[in-house]
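If you want the building blocks of each chain, they are given just below.
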Amino acid sequence: MIASPDSALRDERTRARLDAAALAAIAASPVPVLAPADPVRRPRISSPRTPDGPSFRFTLATQSPGRTLTLHGSRLATLRPHVGRHEGPERLRGVPAFVSDNDGIKSATWIEHGAAYALDLECASARDTGCDLAALRAEVEALAFVGGGGQ
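Note that the structure is a prediction, hence the values are computed from the model and not measured.

## A word on the pairing of strand 1 (residues 32–36)
Among the five residues of strand 1, five are classified as buried, and the element is accordingly described as predominantly covered. With burial as the criterion, each face of strand 1 is covered, one bearing Pro32, Leu34 and Pro36 and the other bearing Val33 and Ala35. Here five bridges tie strand 1 to strand 11 (residues 143–148), and the two strands are oriented antiparallel to one another. Following the sheet pairing, Pro36 is matched in strand 11 by Leu143.

Structural data, given as structure tokens:
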């Protein structure tokens, strides 16, 4: 069940940097939207609609020279029957999380506010010092709540 944070926790400074299309996507998002608080990167946010109404997720993407950051938030967390339920061995944003490196793409997954989130960090060069697991963790911790999930 989605439990949107109190609207007083919205990062109004980050919201002020977003364009009208991003704000409309946030308003339509069924889950709380987190976004980078970095003033340089302006995220593109989508909250796709299905033929019978709003979907169950949002997608956010930002790019800077040599780096792409993609965040997905969903009302659904897929559980694999052969794996079962496991708590992530790490803590990000105060909750259990999984962190991995798959062919140079760094990924973090966690559940927050009842929604499942996945953040991917991809760099053009494997030698980019700002593209390691520590950088991924920092990106996750720096995400700001900007609305959505019924707010």
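## Quick look at helix 3 (residues 133–141)
Looking at helix 3, one finds that the buried residues are Ala135, Leu136, Glu139 and Val140. The buried residues of helix 3 occupy an angular sector of 140 degrees when the element is viewed end-on, so they sit on one face. Buried residues along helix 3 sit in contact with strand 6 (67–74), strand 7 (90–92), strand 8 (95–102), strand 9 (105–112), strand 10 (115–123) and strand 11. One side-chain oxygen at the N-terminal end of helix 3 lies 3.3 Å from the backbone nitrogen of Ala134; it belongs to Asp132.

## Structural notes on the nonpolar core
In this structure, Ile45, Phe58, Leu71, Trp110 and Leu119 are the most contacted members of the largest nonpolar core, which totals 31 residues. With five residues, strand 10 is the single largest residue contributor to this core.

## As for helix 2 (residues 20–28)
An α-helical segment advances 3.6 residues per turn. Residues three or four places apart therefore align on the same side. Turning to helix 2, its buried residues are Ala22, Ala25 and Ile26. Along the long axis of helix 2, the arc covered by the buried residues comes to 100 degrees, so they all point the same way. The exposed residues of helix 2 that point more than 90 degrees off its buried face are Ala20, Ala21 and Ala27. For helix 2, the secondary structure elements touched by its buried residues are helix 1 (12–16), strand 1, strand 2 (44–46) and strand 11. With a side-chain oxygen lying 3.3 Å from the backbone nitrogen of Ala21, the N-terminal cap of helix 2 falls on Asp19.

## A few points about the pattern of salt bridges
Taken as a whole, this structure holds six salt bridges when the rule is applied. With its nearest N and O atoms 3.0 Å apart, the salt bridge here joins Arg10 to Glu12. A salt bridge links Lys106 to Asp101, with the shortest nitrogen-to-oxygen separation between them at 3.2 Å. For Lys106, a relative accessible area of 9% corresponds to the buried category. Residues joined by salt bridges that share partners form a network here, namely Arg10, Glu12 and Arg15.

## Points about the packing of aromatic side chains
The full count for this structure, using the stated rule, is two aromatic pairs. Between Trp110 and Tyr117, the aromatic rings sit 5.6 Å apart at their centres with planes inclined by 20 degrees, giving stacked as the arrangement. You can call Trp110 buried: its relative accessible area is 3%. Relative accessible area serves as the criterion here: at 2%, Tyr117 is assigned to the buried category.

Conventions we followed
Residues numbered from 1 in each chain as written. Predicted model: local features only at pLDDT ≥ 70, side-chain atom pairs only at ≥ 80, totals over all residues. Heavy atoms only, no water. Buried < 20%, exposed > 50% of the residue type's maximum accessible area, 1.4 Å probe, protein only. Helix = DSSP H or I, 4+ residues; strand = E, 2+ residues; numbered from the N terminus. Pairing = 2+ DSSP bridges. Arc of directions from axis to C-beta. Contact = heavy atoms within 4.5 Å. Polar contact = N/O pair within 3.5 Å; in protein donor to acceptor, adjacent residues only side chain to side chain. Core = buried A, V, L, I, M, F, W, Y, C linked by side-chain atoms within 4.5 Å. Salt bridge = Lys/Arg side-chain N within 4 Å of Asp/Glu carboxyl O. Phe/Tyr/Trp six-rings, centres within 6.5 Å; stacked < 30°, edge-to-face > 60°.

In short, the description is geometric, and any link to function would need to be established separately.
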